[in-house]
Amino acid sequence: MSRQSIAKWCNMFENGRTDLEDAEREGRPSTATNSEIAARVNESILANRRITIDEISTELDIYHGSAHEIIAEQLKFHKVCARWFPRLLTEIHKGKRFESAFEFLQRYQKEGNEFWDKIATGDETSIHHFSPGMKRSSLE
């Protein structure tokens, strides 16, 4: 922050300002980050996991920055090996984890402590299927 900005803020608070948030400004409101466009971006990603932000912004006629904000902040996707993946577990993933845990519990009740000898453990890691495409897109 510049020295001038600090002095300006100090003067405003000395003169009675108590609100830390910026005041509303005139200008065009953001229209690219609404839920309708976010739904269209989500459909594009689910249809093609290798789609780029530039392709999405061109397809939907929105700015690159807006497309990136929708993908990263609203939809919570990130890119791994040139493919988009959700950061959070989906309901399907949660269901599979529940099924596995329930099956383990049933086996433990049936087999007792011998069940523990059959389990191999490791660090919690997210593993996904990867089929390399073009070398350039794999580097991205």
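In every chain, residue numbers begin from 1 and rise along the written sequence. Local features in this predicted model are restricted to residues of pLDDT 70 or higher, and side-chain atom pairs are both shown and tallied only at a pLDDT of 80 or more, whereas totals for entire chains, interfaces and linings draw on every residue. Only hydrogens and water are set aside; all other atoms, that is, all heavy atoms of the structure, feed into the side-chain values.

Going by an unreviewed UniProt entry, the chain carries the name Mos1 transposase HTH domain-containing protein and comes from Araneus ventricosus.

Summing up its helical and strand segments, the chain has six helices and two strands in all. Secondary structure elements of the chain, listed N to C terminal, follow the sequence α-α-α-α-β-β-α-α. By the burial criterion, 17% of the 140 residues in the chain qualify as buried. Pairs of residues are marked as contacts when any of their non-hydrogen atoms sit within 4.5 Å. If you take every contact in the chain between residues at least 6 apart in sequence, the share linking residues at least 24 apart comes to 50%. Counting from the N terminus, the helices are DSSP H or I runs at least four residues long and the strands are E runs at least two residues long. Three labels apply to residues, based on accessible area from a 1.4 Å probe with only protein chains included: buried if under 20% of the type maximum, exposed if over 50%, partly exposed otherwise in between.

This part is about the packing of helix H2 (residues 35-47) against helix H4 (residues 64-74). Note on method: axes are straight lines fitted to C-alpha atoms, helices fitted across the in-contact stretch only, with angles between N-to-C directions ranging 0 to 180 degrees. Where H2 contacts H4, the two axes come as close as 10 Å, and the packing angle between them is 80°. In terms of their interaxial angle, H2 and H4 are classed as roughly perpendicular. Of the residues in H4, those touching H2 at Ile 37, Ala 38, Val 41 and Ile 45 are Ile 70, Ile 71 and Gln 74. Orientation categories follow fixed angle ranges, with anything under 35 degrees roughly parallel, anything over 145 roughly antiparallel, 65 to 115 roughly perpendicular, and all other angles oblique.

Let's shift gears to the pattern of salt bridges. What counts as a salt bridge is simple: a side-chain nitrogen of Lys or Arg found within 4 Å of a carboxyl oxygen of Asp or Glu. In the structure shown here, the tally under the stated rule is two salt bridges. We note a salt bridge from Glu 111 to Arg 107, for which the minimum N-O separation is 3.4 Å. Linking Glu 111 with Arg 107, this pair stays in helix H5 (residues 91-111), spanning four residues, or about one helical turn.

Our next topic: the pairing of strand S2 (residues 83-86). Moving residue by residue along a regular strand, the side chains alternate between the two faces of the sheet. One ladder, built from four bridges, connects strand S1 (residues 77-80) with S2; its direction is antiparallel. The residue bridging Phe 77 from the neighbouring strand is Pro 86, located in S2. Between the end of S1 and the start of S2, which pair antiparallel, lie two residues, with Cys 81 showing a positive phi angle near 50°. Strands are treated as partners if at least two bridges between them are detected by DSSP.

To define a nonpolar core, start from buried Ala, Val, Leu, Ile, Met, Phe, Trp, Tyr and Cys residues and group those joined through side-chain atoms within 4.5 Å. With 14 residues, the main nonpolar core has Val 41, Ile 45, Ile 56, Ile 62, Ile 70, Ile 71 and Trp 84 as its most contacted residues. Among the elements of the structure, H2, helix H3 (53-60) and H4 are those that each provide at least two residues to this core. Top element by residues in this core is H2. It accounts for four residues. Those residues in contact with Ile 45 that lie beyond four places of it in its chain are Ile 51, Ile 56, Ile 71, Phe 77 and Trp 84.

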